[in-house]
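Spelled out from the first residue to the last, the chains are:
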Amino acid sequence: MALFTEHLFADHLTLPYPEAAVVGDAYYAAPVPDLPLRLRIDFAPTIYAGRYDGLRLQLVHMEQGRIDTAVLRFADYGAFEVRDRRRGKKPGQDGYGTVTDWNHSEHAPWIGINVTRLRAAIDQYVRLWIPGAPPVRTGPPPLAAPVPQARTSPARAR
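Below you will find a few notes about this structure. (Residues numbered from 1 in each chain as written. Predicted model: local features only at pLDDT ≥ 70, side-chain atom pairs only at ≥ 80, totals over all residues. Heavy atoms only, no water.)

## Concerning the overall build of the protein
Selection rule: Helix and strand definitions here come from DSSP, where helices need a minimum of 4 consecutive H or I residues and strands a minimum of 2 consecutive E residues; each element is numbered from the N-terminal end. Each residue gets one of three labels from its accessible area relative to the maximum for its type: buried under 20%, exposed over 50%, partly exposed in between, using a 1.4 Å probe on protein chains only. Methods summary: accessible areas were calculated by the Shrake-Rupley approach with a probe of 1.4 Å, and residue burial reflects only the protein chains presented.
Secondary structure summary: the protein contains three helices and six strands in total. Burial status across the protein gives 35% buried among its 158 residues. Surface accessibility of the protein: about 10,000 Å² in total, with carbon and sulfur atoms responsible for 53%.

If you want it as structure tokens, here you go:
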């Protein structure tokens, strides 16, 4: 898929929900398995086909349907601040704080995303609606396991 949705949720957002899956371009989770409430997250579309400016969170009740929707705009959470600064883009300019899936390349259009503030906002949203949901780790995503370093002997005292 052009948006590499599964990679975004599994490797970058790393949400802690035990029952979760990516289907198509959407992430579905049961933050508390015994409750009939589900979380759905997908990319928030803009007026341009294939351009997205945030993540759309939806709270869905299994019997009553959608209860609430919130959009977390990438620009509001600094998700692409570094990328856009490097490109010389400023708020209000075309392409600022957005991703597109027009190119269908081997690389995800959101590469370089900073998810720290997005993850904190998702945590706040879920814990507001679903008390008892596991907290989201709000720091930077974990790095790969550290590579063991060769130990050198300490300097000898004279």
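After presenting the structure, the write-up continues.
## Side note on the nonpolar core
Stated precisely, the cut-off is as follows: Only buried residues count toward a nonpolar core. Its members are Ala, Val, Leu, Ile, Met, Phe, Trp, Tyr and Cys residues joined through side-chain atoms within 4.5 Å.
If you look at the biggest cluster of nonpolar residues, it comprises 34 residues, and the most contacted ones within it are Leu-15, Tyr-17, Ile-41, Leu-55, Phe-74, Ile-113 and Ile-122. Counting residues per element, the ones that place at least two in this core are α1 (5–13), β2 (26–30), β3 (37–45), β4 (51–61) and α3 (116–129).

## What to know about the pattern of salt bridges
Just so we agree on the cut-off: Within this document, salt bridges are pairs made up of a side-chain nitrogen of Lys or Arg and a carboxyl oxygen of Asp or Glu, the two lying within 4 Å of each other.
Evaluated as defined, the whole model comprises seven salt bridges. In this structure, the salt-bridge partner of Asp-94 is Arg-51, at a minimum N-O distance of 2.6 Å. Here Asp-94 is found in the loop between α2 (81–87) and β6 (99–100), whereas its partner Arg-51 is found in strand β4, with 43 residues between them in sequence. A salt bridge links Asp-53 to Arg-73; its shortest N-O distance comes to 2.8 Å.

Nothing here speaks to function; it is all geometry.
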